[in-house]
Structure formats: C-alpha cells, structure tokens
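Structural characterization, general
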Amino acid sequence: MTDAAETGAETELPRPPKTFTDEAGRTVTVEAYDDGDDEPLVEMYAAFGSESRSQGVPPRTKPEIRTWLGNLLDNGLNVVAWHDDRAVGHAVLVPYEDTSELAIFVHPDYQRAGIGSQLIRVLLGYGRDSELESVWLTVSRSNKIARELYESVGFETVTRDRVELEMELAL
C-alpha cells in the first residue's frame, strides 16, 4: 500500500458512535456493540433471503444464527447500525492469527443506501483505536458492489482464485 493510500484512509475512518442520514433519508447510528441484547441482530439476520447470503453466512435458522452470532459477538470487535431501534447492519473484526478478518452485513431493505460504507469505515476506525494492525477478508469475484466498497477504503487484492478474492488492509 502506498503512503498516500494510508494517509487517505487515516482521515476517512470515524470512530463509533456515528450518526448520519443514509441515501434513503433515514437517520442511522453506528455504535460499538457493548454486550447488549443480541435479539435485534438475530431478527435482522433471520430476514436475509438466499440472495443475501454469501459463503454460507449468515446461517438460515434462528438457532444457527444465535450460535454463529454468539461467536462473533464474544470474540470479535463489533459495530451495529441502528435505524430507530432496529438493527439494520453489523460489521465485525474477528482475530485470526496476527490479523483480523472483516465481515459486514446490511439488512436487505437497507442495502444500497450508504450504510455499508459507513459501517466499514466506523469499524476500521474502531479497529485502529483498538490497536489492530491489519485486516483481511474474502469476497466473491462476482460481488462488484462489495469489492468496490473494500477498495474505496484502501483494501488491496492479494490473492485471486476462480471464485474469490482475498483482500488486505494495513491499519
């Protein structure tokens, strides 16, 4: 990564909480998850249809969602996007060896409104404040919207295969 990219990312990473108006005119707040009630997130993930699932996540049933989500909330650095009292997005950095893996999800009714962009930037700022040094992720080659989002905050492709890309970002 170039020094210019690092400098640009430095100024674009707010910390939680962050309130903004999404592209649909809704007031959304991104907050750090503080071991609160996970039921709003379970309900959010239960609303995901097949077209909103990638790489096997989120799981399909509420019991499977609770188990999977419990692991993310217990082990990761989490932020949640709220519209009124409804969870509409969740992003997490999960420790993995000497880095952290990023995962991000936005409720299907709230996609393409800029919420994912805010979620990822706030999460990365939170990760930087928490002294994380690097982040990686995998994304489907066919998921152009996600790839463009990751590239917009400075992720670079480090590995390509037929189906997925692996991307990294130094914090």
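Look above for the structure.
Residues numbered from 1 in each chain as written. Predicted model: local features only at pLDDT ≥ 70, side-chain atom pairs only at ≥ 80, totals over all residues. Heavy atoms only, no water.

One pass over the full model with this rule turns up 6 salt bridges. Note that Lys62 is salt-bridged to Glu43, the shortest N-O span being 2.7 Å. Separated by 19 residues along the polypeptide, Lys62 in helix 3 (residues 62-75) and Glu43 in helix 2 (residues 39-46) bring together distant segments of the chain. Arg86 is paired through a salt bridge with Asp109; the nearest N and O atoms lie 3.9 Å apart. Remark: Asp109 occurs in the loop between strand 5 (99-106) and helix 4 (115-129) and Arg86 occurs in strand 4 (residues 86-96); sequence separation between them is 23 residues. On the basis of relative accessibility, which here comes to 36%, the residue Arg86 falls in the partly exposed class. Asp109 gets classed as exposed once you look at its relative accessible area, which sits at 53%. (Salt bridge = Lys/Arg side-chain N within 4 Å of Asp/Glu carboxyl O. Helix = DSSP H or I, 4+ residues; strand = E, 2+ residues; numbered from the N terminus. Buried < 20%, exposed > 50% of the residue type's maximum accessible area, 1.4 Å probe, protein only.)

What follows is about the packing of helix 4 against helix 5 (residues 144-152). Across the interface, helix 4 lies against helix 5 with an axial gap of 10 Å and an inter-helix angle of 40°. Classified by the interaxial angle, the pair formed by helix 4 and helix 5 is oblique. Judged by the twist between their axes, the crossing of helix 4 over helix 5 is right-handed. Contacts from Gly116, Ser117, Ile120 and Arg121 in helix 4 reach Leu149, Tyr150 and Ser152 in helix 5. Of the residues in the contact of helix 4 with helix 5, the class split is 3 nonpolar, 3 polar and 1 charged. (Axes fitted to C-alpha atoms, helices over the stretch in contact; angles between N-to-C directions. Parallel < 35°, antiparallel > 145°, perpendicular 65-115°, else oblique. Left-handed = near helix turned anticlockwise from the far one by under 90°. Contact = heavy atoms within 4.5 Å. Nonpolar A, V, L, I, M, F, W, Y, C, P; charged D, E, K, R; others polar.)

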